[in-house]
Amino acid sequence: MNLAYVNESYDSLKECEIYLPNNFQRMAINRIETAESIAPLDFIEKPMRSFNNTFLFVIRIDNQNYKTKMPISVNVNFESGMFFAENENLAVCGTGFSQEEAINDLREHIIHFYEYYNKIEIDKLMGEALRLKSVYAKLFV
Amino acid sequence: MHEIYPKPPLIETIFEIKFSGEPSIDCQKDKFFNKIRKDYPKLMVPRAKEGVAIALEPYLFEKEDASYSIGLSLNKLFLSCKKYQGFQVFKKEVLRVFAIFDDTFKVISVLNRTGLRYINIIPFAREKGLIPLTSFLNINIALPKSIPPVFKNIGISFVSQKDGGNITTRIEPAIAPDKSEAIILDFDYAKEGQLFFQSIEQYIEESHKHTKHFFEELVTEDFKKIMRGEVI
């Protein structure tokens, strides 16, 4: 998805929150009263803030859903103008010009290796590849 | 006995009491500070904001490592924790700090409000441009058939009544400067009316019981796996 659409969705939400017809007063529901001075958005909007660890629960590729047995942890890093989404345990990495693009690329790589290790016979593998075959075999429900 | 998760999404926990404004608190913050400054040496004063009475904005006293802070103004006192090690540890510090407050000012016996707030931040990756809300939270929004119940963006706040208190829940996605995204899950269990300082322990216990129960039911089994560290 284009990043502009994501930003636009946040702007639309903000506009909806701000808009209130004349003669109406906002009720307190959109604010939390305990320690009002503490605003989670301040935490998120800090200049260096980044949520570089996220999780995948389902991978949807070509109209097929792959439900994970355990959530797949994804680390996202930004380097030299590119995003890298990786999972060390699965020895897989995706790249892209946005976080979402990198994660989508990672999803495709995970399915690719899942199918690859499922098909390949055990006697053709050794070392790390044997471990990966066992990990990928238990990846999805 | 509730399960204690090793990797909760919690970023801050706050317990606050509110009472009728008492000017002597405003005038004697130094006495309180002297009693806590060994543990809470950092002092932060509120900034003036347009339309907000500065006397109602809390002074903050913070630990050197910023793990805990105390907020104090003439009508409220709160303890905030950024490194939560379980409810019992948090409660112990609340009771210790609030006892120092009581010992210092000796003027507050009746409270207007108590609130226990848990702020959680849940990072997420979009799936085909949509927020995978139901992977993390057990929320089903019934919509007409023509509107798919999956969202590009969503903000929900609601207040529910729960055994002598109100629980306010706010669920709101947010975007960081580097465009990574997270869901803010903010709970606030409040008791209002005529409350008593001497019963604070009972109020915080009760607030925790309801908030924990609510949280346990709201988060999905998949997300509990993350909190337990059961991930690949």
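For the structure itself, consult the block above.
Residues numbered from 1 in each chain as written. Chains lettered and ligands numbered in written order. Predicted model: local features only at pLDDT ≥ 70, side-chain atom pairs only at ≥ 80, totals over all residues.

## Section: the overall build of chain A
Piece 1. The helix and strand tally for chain A stands at four helices and four strands.
Piece 2. Starting at the N terminus and ending at the C terminus, chain A contains elements arranged as α-α-β-β-β-β-α-α.
Piece 3. Here chain A holds 141 residues, and the buried ones make up 25% of them.
Piece 4. Put simply, of all contacts in chain A between residues at least 6 apart along the chain, 27% involve residues at least 24 apart. (Helix = DSSP H or I, 4+ residues; strand = E, 2+ residues; numbered from the N terminus. Buried ≥ 20, exposed ≤ 12 C-beta atoms within 10 Å, placed from the backbone. Contact = placed C-beta atoms within 7 Å.)

## Considering the nonpolar core
Piece 1. Formed by 37 residues in total, the largest nonpolar core has its most connected members in Val74 of chain A together with Ala182 and Ile183 of chain B.
Piece 2. Elements that contribute at least two residues to this core include exactly β1 (53-61), β2 (64-79), β3 (82-87) and α3 (99-119) of chain A together with β6 (110-124), α4 (133-136), β9 (181-196) and α6 (221-228) of chain B.
Piece 3. Counting residues per element, this core draws most heavily on α3 of chain A, at six residues.
Piece 4. Look past the residues within four positions of Ala182 of chain B in its chain and what remains in contact with it is Ile44 and Phe51 of chain A together with Ile121, Ile122, Pro123, Phe124 and Ala174 of chain B.
Piece 5. By size, the runner-up hydrophobic cluster in this structure holds 30 residues, among which are Val94, Val97, Ile119 and Ile200 of chain B. (Core = buried A, V, L, I, M, F, W, Y, C linked by C-beta atoms within 7 Å.)

## Description of the sheet that holds strand β4 (residues 92-96) of chain A
Strand pairing in a sheet relies on backbone hydrogen bonds, with the paired strands running either antiparallel or parallel.
Piece 1. If you trace the four strands from one edge of the open sheet to the other, you get β1-β2-β3-β4 (chain A), paired in antiparallel fashion. The open sheet has two edge strands, β1 and β4 of chain A, and neither has a second partner. With strand direction ignored, the average angle separating the axes of adjacent strands in the sheet is 35 degrees.
Piece 2. In terms of strand pairing, β2 of chain A meets β3 of chain A through five bridges, oriented antiparallel. Bridge pairing in β3 of chain A places Val76 of chain A opposite Ala85 of chain A.
Piece 3. Of the strands in this sheet, β1, β2, β3 and β4 of chain A are in contact with α3 of chain A, which crosses β4 of chain A at around 145 degrees.
Piece 4. The strands touched by α6 of chain B within the sheet are β1 and β2 of chain A, with β2 of chain A carrying the most contacts at an inclination of about 50 degrees. (Pairing = 2+ DSSP bridges. Axes fitted to C-alpha atoms, helices over the stretch in contact; angles between N-to-C directions.)

## Looking at the environment of Asn138 of chain B
Residues and elements named next belong to chain B.
Piece 1. Structurally, Asn138 is set in the loop between α4 and β7 (156-162).
Piece 2. A tally of 12 C-beta atoms within 10 Å means that Asn138 is categorised as exposed.
Piece 3. Taking the C-alpha atoms as reference points, Asn138 and Ala55, separated by 83 residues in sequence, lie 41 Å from one another.
Piece 4. Dropping the residues within four chain positions of it, Asn138 is found in contact with Glu217, Leu218 and Thr220.

By themselves these figures say nothing about function.
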